[in-house]
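Here is what each chain is made of, one letter per residue.
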Amino acid sequence: MHEMGICDGIVSAAVEAANDAKASRINSIDVTIGVLTEIQEEALQFAFGVLSKDTIAEGSTLAVTMLPAKSVCGECSAEFGHGRFDAKCPECGSFVCTLVQGRELRIDSMDID
Amino acid sequence: MRVDIAKGILEKNDTLAEGNRALFASKGVFVVDLMASPGAGKTSTILATIAALRDRYRIAVIEGDIASRVDAEKIAAHGIPAVQINTGGACHLESDMIRRAVDTLDLDEIDLLIIENVGNLVCPTDFDLGEHAKVMILSVPEGHDKPYKYPGIFQLSEAVILNKYDTLSVFDFNEAEFRGVVRDLNPSAPVFALSATKGEGVEAWTEWLSARIEAAKEPQS
Ligand SMILES: Nc1nc2c(ncn2[C@@H]2O[C@H](COP(=O)(O)OP(=O)(O)OP(=O)(O)O)[C@@H](O)[C@H]2O)c(=O)[nH]1
Ligand SMILES: [Mg+2]
Ligand SMILES: [Zn+2]
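Notes on the structure in this doc start here. Owing to the predicted nature of the structure, the values given are computational and were not obtained by experimental measurement. (Residues numbered from 1 in each chain as written. Chains lettered and ligands numbered in written order. Predicted model: local features only at pLDDT ≥ 70, side-chain atom pairs only at ≥ 80, totals over all residues. Heavy atoms only, no water.)

With that settled, consider the site of ligand 1. Residue and element names in this part refer to chain B. Neighbouring residues of ligand 1: 19 residues in total, closest K42, T43, S44, E116 and D166. S195 is positioned such that a nitrogen or oxygen atom in its side chain is 3.2 Å from an oxygen atom of ligand 1. Isolated, ligand 1 exposes 650 Å² of accessible area, and the fraction of that covered by the protein chains is 70%. Broken down by secondary-structure element, the contributors of at least two residues to the shell around ligand 1 are helix 2 (42-53) and helix 3 (70-76). Examining the composition of the shell around ligand 1, we find that three residues originate from one element, helix 2, more than from any other. A class-by-class count of the residues in the shell around ligand 1 yields three nonpolar, nine polar and seven charged. (Near = heavy atom within 4 Å. Polar contact = N/O pair within 3.5 Å; in protein donor to acceptor, adjacent residues only side chain to side chain. Areas by Shrake-Rupley, 256 points an atom, 1.4 Å probe, with all protein chains shown as cover. Helix = DSSP H or I, 4+ residues; strand = E, 2+ residues; numbered from the N terminus. Nonpolar A, V, L, I, M, F, W, Y, C, P; charged D, E, K, R; others polar.)

On to the coordination of the zinc ion (ligand 3). Residue and element names in this part refer to chain A. Protein coordination of the zinc ion (ligand 3) is provided by C73 (SG), C76 (SG), C89 (SG) and C92 (SG), with donor distances spanning 2.3 Å. Metal-centred angles of 104 to 116 degrees between the four donor atoms at the zinc ion (ligand 3) mark the site as tetrahedral. One chain supplies every donor to the zinc ion (ligand 3), and in sequence these donors are spaced C-x2-C-x12-C-x2-C. With C76 in the loop between strand 3 (69-73) and strand 4 (79-82) and C92 in the loop between strand 4 and strand 5 (97-101), this pair connects stretches of sequence that are 16 residues apart. Classification of C76 as partly exposed rests on a relative accessible area of 35%. (Donors = N, O, S within 2.8 Å, 3.2 Å for Na, K, Ca; no water. Tetrahedral: all angles 85-135°; square planar, octahedral: opposite > 155°, others 65-115°. Buried < 20%, exposed > 50% of the residue type's maximum accessible area, 1.4 Å probe, protein only.)

Moving on, we get to the sheet that holds strand 6 (residues 105-112) of chain A. Read from one edge of the open sheet, four strands run 2(A)-1(A)-6(A)-1(B), paired in mixed fashion. Sheet topology places strand 2 (61-67) of chain A together with strand 1 (2-8) of chain B at the edges, where each strand pairs with a single neighbour. Strand-to-strand twist in this sheet, taken as the mean axis angle between neighbours without regard to direction, amounts to 15 degrees. The sheet contact formed by strand 6 of chain A and strand 1 of chain B spans five bridges and is antiparallel. Of the residues in strand 1 of chain B, the one forming a bridge with S109 of chain A is D4 of chain B. Helix-sheet contacts for helix 1 (residues 3-20) of chain A involve strand 1 (26-34), strand 2 and strand 6 of chain A together with strand 1 of chain B, and the interaxial angle to strand 6 of chain A is about 40 degrees. Sheet strands in contact with helix 2 (residues 41-52) of chain A are strand 1 and strand 2 of chain A, and its direction is about 155 degrees off that of strand 2 of chain A. (Pairing = 2+ DSSP bridges. Axes fitted to C-alpha atoms, helices over the stretch in contact; angles between N-to-C directions. Contact = heavy atoms within 4.5 Å.)

Moving on: helix 2 of chain B. Given a rise of 1.5 Å per residue, 12 residues ought to cover 16 Å, and the 16 Å separating the end C-alpha atoms of helix 2 of chain B matches this to within 8%. The set of residues buried in helix 2 of chain B consists of K42, T43, T45, I46, A48, T49, I50 and L53 of chain B. (Expected span 1.5 Å × (residues − 1).)

This next bit is on the interface of chain A and chain B. In this complex, chain A contributes 31 residues to the contact, which on the side of chain B involves 30 residues. Surface buried jointly by chain A and chain B totals about 2,600 Å² across both partners, of which 60% is contributed by carbon and sulfur atoms. Across the chain A-chain B interface, the total number found is two salt bridges. Taken together, the links from chain A to chain B amount to 13 residue pairs in polar contact (both at pLDDT 80 or more). Counting residues per element, the ones that place at least two in the side of chain A that touches chain B are helix 1, strand 1 and strand 6 of chain A. (Buried area = accessible area lost by both parts, 1.4 Å probe. Salt bridge = Lys/Arg side-chain N within 4 Å of Asp/Glu carboxyl O.)

It is worth spelling out the nonpolar core at this point. Grouped burial of nonpolar side chains is what soluble globular proteins tend to show. I29, V31, L44 and M110 of chain A are the most contacted members of the largest nonpolar core, which totals 30 residues. Of all the secondary-structure elements, those providing two or more residues to this core are helix 1, strand 1, helix 2, strand 2 and strand 6 of chain A together with strand 1 of chain B. Every residue in contact with I29 of chain A, bar those within four places of it in the chain, is listed here: I10, A14, F48, A57, S60, T61, L62, A63, I107, S109 and M110 of chain A. With 29 residues, the next largest nonpolar core counts A40, L112, I114 and A196 of chain B among its residues. (Core = buried A, V, L, I, M, F, W, Y, C linked by side-chain atoms within 4.5 Å.)

Residue and element names in this part refer to chain B. For the magnesium ion (ligand 2), every protein donor is listed as T43 (OG1), D71 (OD) and E116 (OE), and the spread of their distances is 2.1 to 2.2 Å. On the primary sequence, the residues serving as donors to the magnesium ion (ligand 2) are separated as T-x27-D-x44-E. Remark: D71 occurs in helix 3 and T43 occurs in helix 2; sequence separation between them is 28 residues.

Pairing between strand 1 of chain A and strand 6 of chain A: seven bridges, direction antiparallel. Across the sheet, the residue bridging to I33 of chain A is L105 of chain A, located in strand 6 of chain A.

Rendered as structure tokens:
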């Protein structure tokens, strides 16, 4: 629902970096999104199309990598992947786990000319 | 040509949130961000919390709404400093809005700052405001299936308030199922069933909150 705001962050950071690099155009932007954020890729792509219009990023590809959730068990230190509803250690059954991956909202890199 | 950016998409918000957090720490203010759907009872819960804790802590409130000053006026009527933020359409609060609101408060005179986020079960979860704890409220009439539909907010909240508990008999709310799903999503979050307007069950919540406030005062090891 707030993909517009998120996308605004992506476009402005990319345009800024492209300007710093004296680029003439942006071909693609790579972002990483954790699956536990409230971001939907479809809505993000839509917002990107709208917000990149009339910028140096217009027509570029937004390459989205969705990262699965991962936690580390506080009891036995096992690292395990999980979904939204099962953040429970598969080794020892503990619920005391720390999320180490899944809430990312990151711009990684871009391809420019 | 490839260029590395390696930046948080919400970096601006997160940096400002860290600034807020440092400010709150330096002033000894505990900050809780209350999130819920429209009408779930955020303002009522804040009023009940004020009634229970006002003798122990100096409290102030930031009210986030898309429009109007109604909620801030309700709080101010109880003699509690209240700042209204109108987001003008935005579905959540961001850390710069909090900073501007906080700048109108005298933090030296506040122990507990309660933020009422904009009514929404989705968007507020991705935005750090610099708070110590995010807490959510679900009200009985919304239904026990909400954790399936909006898992993110249940996962991110340190505690879950089940409000309008007095209406349990009129709705087909399955409390056991609700508690089970919340446990699967967020095993460490306590669930406080209460009735904000009637006062029942409020004490368990305010005792938990006081314990959190006191724990935050202890130097970090
Ligand atoms: N029966 C019952 N009604 C409640 C309870 N808590 C709140 N209400 C009612 O629910 C309605 C909404 O309560 P508010 O506290 O204004 O809810 P809110 O979440 O702040 O609403 P918005 O700020 O408009 O999103 C009001 O009519 C309250 O009187 C409760 O515990 N039991
Ligand atoms: Mg309200
Ligand atoms: Zn384990």
